[in-house]
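Residue strings, one per chain:
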Amino acid sequence: MQITDVESGAVSIPLDSPVAFATREVEARDYALVYVRTDEGVEGLGYTLGYGGSHLIADAVTDILAPMIEGEDPRDTERLWREMYDGTVQIGRKGLLVKAISILDIALWDIRAKQAGQPLYKYLGGYTDSVPAYASGGYYREGKGTEGLRTEMQRYVDRGHDIVKMKVGRIPPAEEVERIRAVRETIGPDRTLLLDANGAWSTEREAIDALRRFDEYDPYFIEEPVMPDLVPLMGTVNDAIDYAVATGELEFTRYGFRHLLEAGAVDVIQADATVVGGVTEWLNVAKTAATFDVPVAPHYNWNLHTHLVAAVENGLWMEYFHADSAPTAFDAIVEDPLSPEDGMIRAPDRPGHGVSLDRSKVDDYRIR
């Protein structure tokens, strides 16, 4: 089998209404896409959230990486990953080049599993058939207020979620406490509450002071209390509070996660296959985390990540965004997207990762 064609592009999908978290506002979601085709007619799809740079990721695929893999056997994922990663040493290692490698690697694994006639999670070893999903939301919106937050969280509970996540860090801690109290009262004492600060605090004192105020509401973890590159500070915060620190959605490769784990900076790994280096590198990170007895709960992209969490023994949860309350947009172009039932997402039995796009809708939102 040989790779005969690599096609990349980008889309931008506007949100129905803007949302905000601690460090910025979001009005649209853009995605880089890639199709890898073979001489045997098997096609693989890869994608990633672009954060405003999806067109650059698509260009990196076309101009830099595609020539490295065209004519190669798509099943040689280990070798091709290393050739792409080492072949871009002067301009890569992190950032958009690794995201470009990620989407190509995802497409290659899609081809591998399709060629084998198996769903990806089974092809990878298959640890479970379904994964607990937490409802990710609690964003700041104009006019939403605490009562709006209560209504949102009650909606998640009514839909069967026993785990919910909310944004924190945009307002002073004394005011934030009121939002957290409202959510805990709404979901009750026995459900799991997760907090996400998106790197809101820049000093040890700010972070620890805020997080100790939140402790009485029994959060399971705080996600990204400080910016992701502040690994020593992340470790200090993790040591100072009585609940877990989670991070990793913006970390790259096994090498970045090694620093987090060795520094004791993280208790829950949130590696994103569309960021970290694809399926190949996500598996490396998950296995490394397992040697530290650290679970993996990946960021976003449930249509892909359900397969990966279902394939490893230290998979914890899957993040899920309900379209009526959180800034998800990708499912607008996905045919037959996954969704939770009674708080669980079942891994699909379609060959490959099972994600297929509506080409006409992709064209509607295309920017590259």
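This text follows the structure it describes.
Described below are features of the structure shown in this document.

So, how was this worked out
Residues numbered from 1 in each chain as written. Predicted model: local features only at pLDDT ≥ 70, side-chain atom pairs only at ≥ 80, totals over all residues. Heavy atoms only, no water. Helix = DSSP H or I, 4+ residues; strand = E, 2+ residues; numbered from the N terminus. Rg over C-alpha atoms; globule rule 2.2 N^0.38 Å. Contact = heavy atoms within 4.5 Å. Areas by Shrake-Rupley, 256 points an atom, 1.4 Å probe, with all protein chains shown as cover. Lys, Arg positive; Asp, Glu negative; His and termini not counted. Charge placed at Lys NZ, Arg CZ, Asp CG, Glu CD. Pairing = 2+ DSSP bridges. Patch = residues over 30% accessible without salt bridge, like charges linked within 9 Å, V, L, I, M, F, W, Y side chains within 5 Å. Salt bridge = Lys/Arg side-chain N within 4 Å of Asp/Glu carboxyl O. Buried < 20%, exposed > 50% of the residue type's maximum accessible area, 1.4 Å probe, protein only. Polar contact = N/O pair within 3.5 Å; in protein donor to acceptor, adjacent residues only side chain to side chain. Core = buried A, V, L, I, M, F, W, Y, C linked by side-chain atoms within 4.5 Å.

## Digging into the overall build of the chain
- Along the chain, the regular secondary structure elements total 13 helices and 13 strands.
- Compactness check: the chain gives a C-alpha radius of gyration of 20 Å against a globular reference of 21 Å for 368 residues, within 12% of the reference.
- Counting only C-alpha atoms and orienting by the principal axes, one finds that the chain spans roughly 60 × 40 × 35 Å.
- A separation threshold of at least 6 residues defines the contact pool for the chain, and within that pool the share at least 24 residues apart is 70%.
- Summed over its atoms, the accessible surface of the chain is roughly 14300 Å², and 45% of this surface lies on carbon and sulfur atoms.
- Where the 36 positive side-chain charges of the chain centre and where its 62 negative ones centre are 1 Å apart.

## Details of the pairing of strand β1 (residues 3-20)
- Summarising the sheet, β1 and strand β2 (residues 25-38) pair through 13 bridges and their orientation is antiparallel. Within β2, the position partnered with Ala-20 by the bridge is Glu-25.
- Hairpin geometry of β1 and β2 is characterised by an intervening segment of four residues between the two adjacent antiparallel strands.

## Structural notes on a negative patch on the surface
- Among the surface-exposed residues, Asp-215, Glu-216, Asp-218 and Asp-242 lie close enough to one another that they form a single negatively charged patch.
- Exposure remark for Asp-215: the relative accessible area of 31% places this residue in the partly exposed category.

## Concerning the side chain of Arg-37
- Assignment of secondary structure puts Arg-37 in strand β2.
- Here Asp-5 takes part through its side chain, which lies 2.6 Å from a polar atom of the side chain of Arg-37.
- One polar contact links Arg-37 to Glu-7, side chain to side chain, over a distance of 2.6 Å.

## Some thoughts on the nonpolar core
- In terms of nonpolar packing, the biggest core is built from 89 residues, with Phe-214, Ile-222, Ile-269, Trp-282 and Leu-357 touching the most fellow members.
- The leading source of residues in this core is helix α11 (residues 278-291), at six residues.
- With sequence-adjacent residues up to four places away left out, Leu-357 is seen in contact with Leu-33, Tyr-35, Leu-45, Phe-330, Ile-333, Val-334, Glu-335 and Val-362.
- Core analysis: the second largest hydrophobic core is formed by 28 residues, Leu-80, Ala-100, Ala-107 and Ile-111 among them.

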